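In case you want the letters, here they are:
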Amino acid sequence: MRVVVVGAGLAGLAAVCRLREQGCDVILVERSRLLGGKATSFAVDGIEVDNGQHVHLGCCTEYLDFVDRLGMAGSLWIQDRFEVTVLQRSSPPSRLRATRRLPARLCLLPSFARYRGLPVAAKVQVARALRRVHDSPRPNETFAAWLVRHGQGPAAVRGFWELFVVPALNARLDEVGAGDALFVVRTAFAADPAAARVGWSRVPLARIAEAAAARAGSVRLRTSVVSLVDDGMEVRGVRCSDGEEIDADAVVLAVPPARLGAILGDAPGYGVRGLESFRSRAIVDVHLWFDTVDAGLRFAGLLDSPVQWVFEKRPGYLCCSLSAADDLVGRPEAELVDLCRSELIAMWPQLAAVRLVRGAVTRDPDATFVPAPGLRRPGSLTTHDNLRIAGAWTSTGWPATMESAVRSGRAAAIGLGSATGSARRALEAVHG
Ligand SMILES: Cc1cc2nc3c(=O)[nH]c(=O)nc-3n(C[C@H](O)[C@H](O)[C@H](O)COP(=O)(O)OP(=O)(O)OC[C@H]3O[C@@H](n4cnc5c(N)ncnc54)[C@H](O)[C@@H]3O)c2cc1C
């Protein structure tokens, strides 16, 4: 079976790998000159940087398996146990770390008791709320409302919930669904002590994408798909912006919602609804190269700062990550570099004495979708057996992450090749 996969982000790449494992002949078509979509890397003034710091957690099992099957598990670094440093103004750094030999629900307790980011009353509030994370939230409840309902004051919100949930969902707490936020908290902190371990790629993200794309029989970069070739019964291939048609027995569209809508034309006619409901938020990353810094931090969270996390990728190279950064994404590069440098100095005064050699900014105004309350995310099936959709934004249950992208791509590939009508029957069972 010949399958065209449209979009070389992680969703499309995961589909490519799975389809190859299923014996399909795969053509990968990508609009950009780069592989990896939102998880890629490129040269900035001659230095290759990731388009933004990408973190995976121990619970990202499908992403870790995807990289492992590419033979690149050694390219990923991950902590032995969850441990983060938290920086704040006018206070020494403090640490949250999982204690070995304690179950997941208790393993943070000893360091939480010593944590300086919260006054005692706020710690009690957080501990109480953590006991309720398995309860179902109210329909259409935002996470901000859930926090109020569970007695969380401003100190608890700023010193704990915002630190973890805003970067994980890349949105403000008053615009995300409580169910999505609680999924993150449960999955990372309540199931397995190893789940919250933090890691990232030691190699530029583009290397992982290249290894996955190499599994496809052919790769067409700088090729934009504009529509399907559809004879009314079946999808026969895709049409590119230069008019070329690529024939296929099946098609996987692994592109963002708005682009999917444009390619499908009549998305509801294909059983894909609600694409217009997706909104996105920006992420800004500020890359700073200092003369000499070897703080031994690896990474740290910052309280009360537009910079949520800083990563010491190599001695001297710090990457500042600014989530839900819609108000900053359009600012000039020099302003953002100054902002991040001064935020770091405010919390880490030794840095003031170190010369900043250079700074650069990468930004994505549509980095991830907002998991708004009540948002309905389509699954991978369509009304056509041989047409599937994928993307971190589809209904994987995960927020817009690499894990979600890989899960969606793998799900889209399931059963392609069998042409049994099972996809249509499953969809009809859902939609009547
Ligand atoms: C700055 C930043 C930081 C992030 N940090 C993290 C993190 O720390 N941890 C984490 O897990 N996730 C993170 N994410 C999210 C993660 O990168 C994404 O959720 C995931 O990579 C999305 O993969 P995807 O394949 O679904 O979509 P995309 O990566 O968007 O891939 C879609 C692809 O389709 C292509 N395309 C679109 N239209 C067409 C067309 N008409 N024809 C052909 N090709 C087309 C696009 O060019 C693109 O390559 C971050 C994202 C950003 C932007």
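Residues numbered from 1 in each chain as written. Predicted model: local features only at pLDDT ≥ 70, side-chain atom pairs only at ≥ 80, totals over all residues.

## Focus on the overall build of the protein chain
Scanning the protein chain for helices and strands turns up 12 helices and 20 strands. For a compact globule of 432 residues, the expected C-alpha radius of gyration is about 22 Å, and the protein chain comes in at 22 Å, within 12% of that figure. Counting only C-alpha atoms and orienting by the principal axes, one finds that the protein chain spans roughly 65 × 50 × 40 Å. Per-residue burial over the protein chain gives 46% buried out of 432 residues. (Helix = DSSP H or I, 4+ residues; strand = E, 2+ residues; numbered from the N terminus. Rg over C-alpha atoms; globule rule 2.2 N^0.38 Å. Buried ≥ 20, exposed ≤ 12 C-beta atoms within 10 Å, placed from the backbone.)

## Concerning the domain arrangement of the protein chain
By domain assignment, the protein chain separates into domain 1 (2-46 + 204-278 + 372-431), domain 2 (83-190) and domain 3 (283-368). Placing the centre of domain 1 and that of domain 3 at their C-alpha centroids yields a distance of 34 Å. Listed by partner, the interface residues are 4 residues for domain 1 and 4 residues for domain 3. A class-by-class count of the residues in the side of domain 1 that touches domain 3 yields 2 nonpolar, no polar and 2 charged. (Domains from an automatic or database assignment. Contact = placed C-beta atoms within 7 Å. Nonpolar A, V, L, I, M, F, W, Y, C, P; charged D, E, K, R; others polar.)

## Let's talk about the sheet that holds strand β17 (residues 309-314)
The strands making up a sheet are joined through hydrogen bonds of the backbone, oriented either antiparallel or parallel. Taken in spatial order, the 7 strands line up as β8-β7-β16-β17-β18-β15-β19 in an open sheet, and their pairing is mixed. Only two strands of the sheet have a single neighbouring strand rather than two, namely β8 (91-97) and β19 (356-369). Mean inter-strand twist for the sheet, computed between neighbouring axes without regard to direction, equals 25°. As defined by bridge partners, strand β15 (residues 280-290) adjoins β19 across 10 bridges and the pair is classed as antiparallel. Bridge assignment links Trp289 to a residue of β19, and that residue is Arg358. Strands in contact with helix α10 (residues 333-347) are β7 (83-88), β15, β16 (299-302), β17, β18 (317-322) and β19; relative to β15, the strand with the most contacts, it is inclined by about 70°. (Pairing = 2+ DSSP bridges. Axes fitted to C-alpha atoms, helices over the stretch in contact; angles between N-to-C directions.)

## Remarks on the pairing of strand β4 (residues 47-50)
Alignment of strand β3 (residues 41-44) against β4, held across 4 bridges, turns out to be antiparallel. Residue pairing in the sheet places Val44 in a bridge with Ile47 of β4. Hairpin connection from β3 to β4: 2 residues lie between these consecutive antiparallel strands, with Asp45 at a positive phi of about 50°.

## Details of the environment of Arg89
Topologically, Arg89 is positioned in the loop between β7 and β8. A C-alpha to C-alpha distance of 30 Å links Arg89 and Gly58, two positions 31 residues apart in sequence. Setting aside its immediate chain neighbours within four residues, Arg89 contacts Asp304, Ala346 and Met347.

## A look at the sheet that holds strand β1 (residues 2-6)
Taken in spatial order, the 5 strands make up an open sheet running β10-β2-β1-β14-β20, and their pairing is parallel. In this open sheet, the two edge strands, each paired with only one partner strand, are β10 (218-220) and β20 (387-389). When strand polarity is set aside, the average angle formed by the axes of neighbouring strands in this sheet is 20°. Bridge analysis of β1 against strand β14 (residues 250-253) gives 4 bridges, and the strand direction is parallel. In the sheet register, Val3 faces β14, and the bridge partner there is Ala250.

## Focus on the packing of helix α4 (residues 120-130) against helix α6 (residues 154-169)
Axis separation between α4 and α6 bottoms out at 9 Å; the angle between their running directions is 70°. Relative to α6, α4 is oriented roughly perpendicular. Every residue of α6 that contacts α4 at Ala122, Gln125 and Val126 is listed here: Ala155, Ala156, Gly159 and Phe160. Classifying every residue of the contact of α4 with α6 by side-chain character gives 5 nonpolar, 2 polar and no charged. (Parallel < 35°, antiparallel > 145°, perpendicular 65-115°, else oblique.)

## What about α10?
Between its first and last C-alpha atoms α10 spans 22 Å; for 15 residues at 1.5 Å apiece the expected length is 21 Å, and the two agree. Within the sequence span of α10, burial applies to Leu336, Cys340, Arg341, Glu343, Leu344 and Met347. Viewed end-on, α10 has its buried residues packed into an arc of 160°, placing them on one side of the element. Summarising the geometry of α10, the exposed residues directed more than 90 degrees from the buried face are Ala334, Glu335 and Ser342. Lining the buried residues of α10 we find β7, β15, β16, β17, β18 and β19. (Expected span 1.5 Å × (residues − 1). Arc of directions from axis to C-beta.)

## Things to note about helix α9 (residues 257-264)
Those residues of α9 not exposed but buried are Pro257, Leu260, Ile263 and Leu264. Relative to the axis of α9, the buried residues are bounded by an arc of 120° and lie together on one face. Against the buried residues of α9 lie β11 (225-230), β14 and β20. Of the residues flanking the end of α9, it is Gly265, one or two places downstream, whose phi is positive at about 75°.

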